[in-house]
Amino acid sequence: MIHDRNYDAIVIGAGHAGTEAALSIARAGFQVLFITMNLDSICQMSCNPAIGGLAKGHVVREIDALGGEMGLAIDQTALQFRMLNKSKGPAVWAPRAQADKKDYQRYMKRVVEGEPNIDLKQDQAVELLVKDGKALGVRTLMGIEYHAKTTIVTTGTFMRGLIHVGDVNFPGGRGGDPPSLGFSDSLKKYGFEVVRFKTGTPPRLRKNTINFSVCEEQPGDSDPEPFSFRTEKLNLKQMSCWLTHTNENTHELIRKNLHRSPLYAGRIEGIGPRYCPSVEDKVVKFADKERHQIYLEPEGRDTEEFYVNGLSTSLPQDVQIEIVHSICGLEDAELMRFGYAIEYDCMPPTQLKHSLETKRVENLFFAGQVNCTSGYEEAAAQGLMAGLNVIHKLKAQAPFVLDRSEAYIGVLIDDLVTRGTNEPYRLFTSRAEFRLLLRQDNADERLMKYGYEFGLISEGTYGRMLARRREVESVRQKLRVTKIDNSPLDKILRRSGVTINTLVHNDLQFDCPDYFVGRQVEWDIKYEGYIKRQLADVAKFKKLEKRKIQESVDYSDVRGLSREAREKLGRIRPVSIGQASRIPGISSCDISVLLVYLEKLSRASCP
C-alpha cells in the first residue's frame, strides 16, 4: 500500500530529537509525518529523569532561544531546580532540573498532538526508500509506503537493540520496548557505515524502603531560575534528592562478580560511554577510590520509584540486590526495576554534513543518539537543527549552520561531523574554545534572532529580549559615567570582592532595575579583558572558516599531503580550511600544503 499523501518531511522516532525536529518543521508551516513505535512513549526519559547539567544546561537554553520546546517542557514539569558550579566562574554555571518523567512525557505528547501540521502514526519504519540518490520515504512494518520530500532518522537506541542483564540478553530498544529491526540493514544497503555502541541504566528503588535519615539531603535552589526565556514564573513545590556513597564492601562485591558481568565477560561488543561509566567500570578503572557518589533522585510526584544515579550496571539481578543493600541507607531497599546495558546500531557522524544531511543520500538527515551521541539535550539539539535545515531545504535556502563561536550546539555538531567519535559523545564546557562568550545566561542574545527569523519565536518574546539588551547597555553606560572620587563605577566593579549589589546597597546612588540584568552587566564588566581576547580569537577563527574548499577537490592530486591527510580529507571532505584544521591527524604542514594548492587552483581559474 502506498499512502496517498505526500509529506514535506517524515520524522522517524519520537524521542527528544524526533520531537524537536517534527515540531520545528510543522510550526514553520510544513506537513510532517511523525512515526513512532509507541504513541505512549513520546519523549520518554529512558534513563536519568533530569534535564540540563554541565554544558547540557547551556544547550537547553540555546534550544529554547532557537524556538525549541525542551526548556518550556522542563519548566512546567520539574521537581527541583539547581544552578550548578555557582562557586566557579560564570562560563561554567549550568542549570539542571529534576523532572517528573511521566509528567514531562505527557506534556510533550500533548504538544505534539496539538500541532495541526503533524500526522502522528504508531508504526515502525523498516526500510528507507531511495531513488536517484535522493530519499523518497520509508516502508513500514505495517506494509505501508510513505513518501516525503525529506526524511529525518532519530532512532535512538532502538536499531537492533539488545539488552543485557548478567548472563541473560534479549532484544529491546529499552526496558519494556521491542527493538527496531531491518532499518539499519536498509541503511547499510545504501553504503552507510554502521557501528555498535552501548549504554546502560541503574536500578530503580522503592521510596518507602530507603532510609533517608542517613543520607545527605540535596535540596533545590531557594530562588530557582527557569530554563526557558519564555517562562515568566516558576510555580512548584520542590522535592529533594539525596546523596550516599558506595564503600569497600560494595567494591568487593563487584570485583568478586566481574566474571558475571556481560561487559567484562566479553558478551557486549558495543563501545560504552567513558563519561557515564557503569559502576563495574568505575571500580575497575578507579581502583584507588574508596567510594563513589550515589544520588537518589525521585522519578515523579505520583510514583514511589527512585533513580539511583551513579549505579548503572548490567550485573546479574542477585548481584545487583547485594550491591544495593551494601550501600548506606539502602540496606533494606526494594528494587522495583533492575539495571541493564543495551547495545544498538548507530551511524558514525562523519558521514554527515554540518546541516546533518547525509553525504551519501540527499534529503536524508540523521539526528540524536543514532549519531553516536548520549544525552537527551544533545539529542534534542540535533533534532532541532535537523528540523531547521529541513525548513531551509524545503525553501531552497542555504544550510543553517551554527559555528563553534556562536553556540555549544555548533561545538557539538562540528565535533561530530569533523572529528567523529569512537564512543558515545557527551558535551562538556571544556570542549568549547569560546566558552566565556557562550554562557548559559546570554543564549537568548546569541541565538534568539534565528528563532525569530524561523518564525518559532514570537514578536513579543523577541521584543522583550531586545528591551533587556538595551537595559544592559543602559546600566553599563550609567556605570561608566557615575564616579566616586573620580573613579568610574565600572572600574570599581572590576575589583575583587565588589559585586553589582555592592554598588546598589552602599548609598552610591546607583540602582539596577533587574537581578538578571545586573548579573549580566557584572559578568560583562569583570571579564571584559578576557572577552576581548576571545573576540580576537573568534575573528581569527572566522577568517579560517571563510577560506572555503571546493567540493570537487581531489586530495589524491595534492602533492605533499601525508597519506593520513589524503585519506581523512577525502572521507570527511571539509568545507573550509578551519574545518580541515580540526580533523584529528591533520598537521599544520598539511594545512600549509592545502593552502598552496587552493591558491594555485584559484589562480588557474582566473581568466
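Above this text is the structure in question.
So, here's what we can say about the structure. (Residues numbered from 1 in each chain as written. Predicted model: local features only at pLDDT ≥ 70, side-chain atom pairs only at ≥ 80, totals over all residues. Heavy atoms only, no water.)

Further remarks concern the overall build of the protein. Looking only at helices and strands, the protein features 19 helices and 22 strands. Computed over its C-alpha atoms, the radius of gyration of the protein comes to 25 Å, within 12% of the 25 Å expected for a compact globule of 607 residues. Across its three principal axes, the protein shows a C-alpha extent of roughly 75 × 75 × 50 Å. Residues classed as buried in the protein amount to 58% of the 607 residues present. Intrachain contacts of the protein at a sequence separation of at least 6 include 73% that bridge at least 24 residues. Roughly 25900 Å² of accessible area belongs to the protein as shown, and the carbon and sulfur atoms make up 49% of that amount. (Helix = DSSP H or I, 4+ residues; strand = E, 2+ residues; numbered from the N terminus. Rg over C-alpha atoms; globule rule 2.2 N^0.38 Å. Buried < 20%, exposed > 50% of the residue type's maximum accessible area, 1.4 Å probe, protein only. Contact = heavy atoms within 4.5 Å. Areas by Shrake-Rupley, 256 points an atom, 1.4 Å probe, with all protein chains shown as cover.)

On to the pattern of salt bridges, then. Tallying each qualifying case throughout the model produces 44 salt bridges. Salt bridges sharing partners connect three or more residues here, namely R404, D414, D415, R419, E433, E545 and R582. (Salt bridge = Lys/Arg side-chain N within 4 Å of Asp/Glu carboxyl O.)

Spatially, four strands are ordered β11-β10-β19-β12 in an open sheet, and the strand pairing comes out antiparallel. Both outer strands of the open sheet, β11 (168–171) and β12 (195–201), are each paired with one neighbouring strand and no more. Each neighbouring strand pair of the sheet contributes to a mean axis angle of 25 degrees, computed without reference to strand direction. Judged from the four bridges that link them, strand β10 (residues 162–165) and β11 form a sheet pairing that is antiparallel. (Pairing = 2+ DSSP bridges. Axes fitted to C-alpha atoms, helices over the stretch in contact; angles between N-to-C directions.)

Okay, the side chain of T358 next. With respect to the element layout, T358 can be found in the loop between β19 (340–346) and β20 (364–366). A distance of 2.6 Å separates a polar side-chain atom of T358 from the backbone oxygen of V361. (Polar contact = N/O pair within 3.5 Å; in protein donor to acceptor, adjacent residues only side chain to side chain.)

All right, on to the pairing of strand β15 (residues 241–245) then. In terms of burial, β15 is largely enclosed, as five of its five residues are buried. Because side chains alternate across β15, one face comprises the buried residues C241, L243 and H245, and the other comprises W242 and T244, equally buried. Examined bridge by bridge, β15 and strand β16 (residues 293–298) share four bridges and lie antiparallel to one another. The residue of β16 that forms the bridge with H245 is Q293.

Another point: the packing of aromatic side chains. Applying the stated criterion across every chain, the model contains eleven aromatic pairs. With centroids separated by 6.4 Å and ring planes inclined at 45 degrees, the aromatic side chains of F81 and F227 adopt a geometry described as tilted. With F81 in strand β4 (residues 78–84) and F227 in the loop between β14 (216–218) and β15, this residue pair connects regions lying 146 residues apart in the sequence. You'll find F81 and F227 in the same group, each marked buried. A centroid spacing of 5.4 Å and a plane angle of 55 degrees characterise the contact between F212 and F306, whose relative ring orientation is tilted. Of the two residues, F212 is situated in the loop between β13 (204–206) and β14 and F306 in strand β17 (residues 305–309); the sequence distance between them amounts to 94 residues. (Phe/Tyr/Trp six-rings, centres within 6.5 Å; stacked < 30°, edge-to-face > 60°.)

On to unusual backbone geometry. Phi angles above zero are rare outside glycine, and C43 is one such case at about 55 degrees. Turning to its location among the elements, C43 is positioned in the loop between β2 (32–36) and β3 (50–52). Even without glycine at this site, A55 takes up a positive phi of about 70 degrees.

Sheet architecture is open: six strands sit in the order β14-β15-β16-β17-β13-β18, paired in antiparallel fashion. In this open sheet, the two strands that pair with only one neighbour each are β14 and β18 (335–337). Across the sheet, the axes of successive neighbouring strands diverge by a mean angle of 35 degrees, strand direction being ignored. Across two bridges, the pairing between β13 and β18 is antiparallel. From the neighbouring strand, L205 faces β18, where its bridge partner is L335.

Across the ten residues that make up helix α2 (residues 56–65), a large majority, ten, are buried. All of the buried residues in α2 are K56, G57, H58, V59, V60, R61, E62, I63, D64 and A65. Once α2 finishes, G67 follows within two positions and takes phi at roughly 100 degrees, a positive value.

This brings us to the pairing of strand β1 (residues 2–12). Taken together, the seven bridges between β1 and strand β9 (residues 145–153) define a ladder with parallel strand orientation. Each residue of the ladder has a partner; that of I2, found in β9, is E145. Bridge count between β1 and β2: four bridges; the pairing is parallel. Paired with V11 across the two strands is F34, which belongs to β2. This β-α-β element, β1 to helix α1 (residues 16–27) to β2, shows right-handed connectivity. (Right-handed = clockwise from strand over helix to strand, strands pointing away.)

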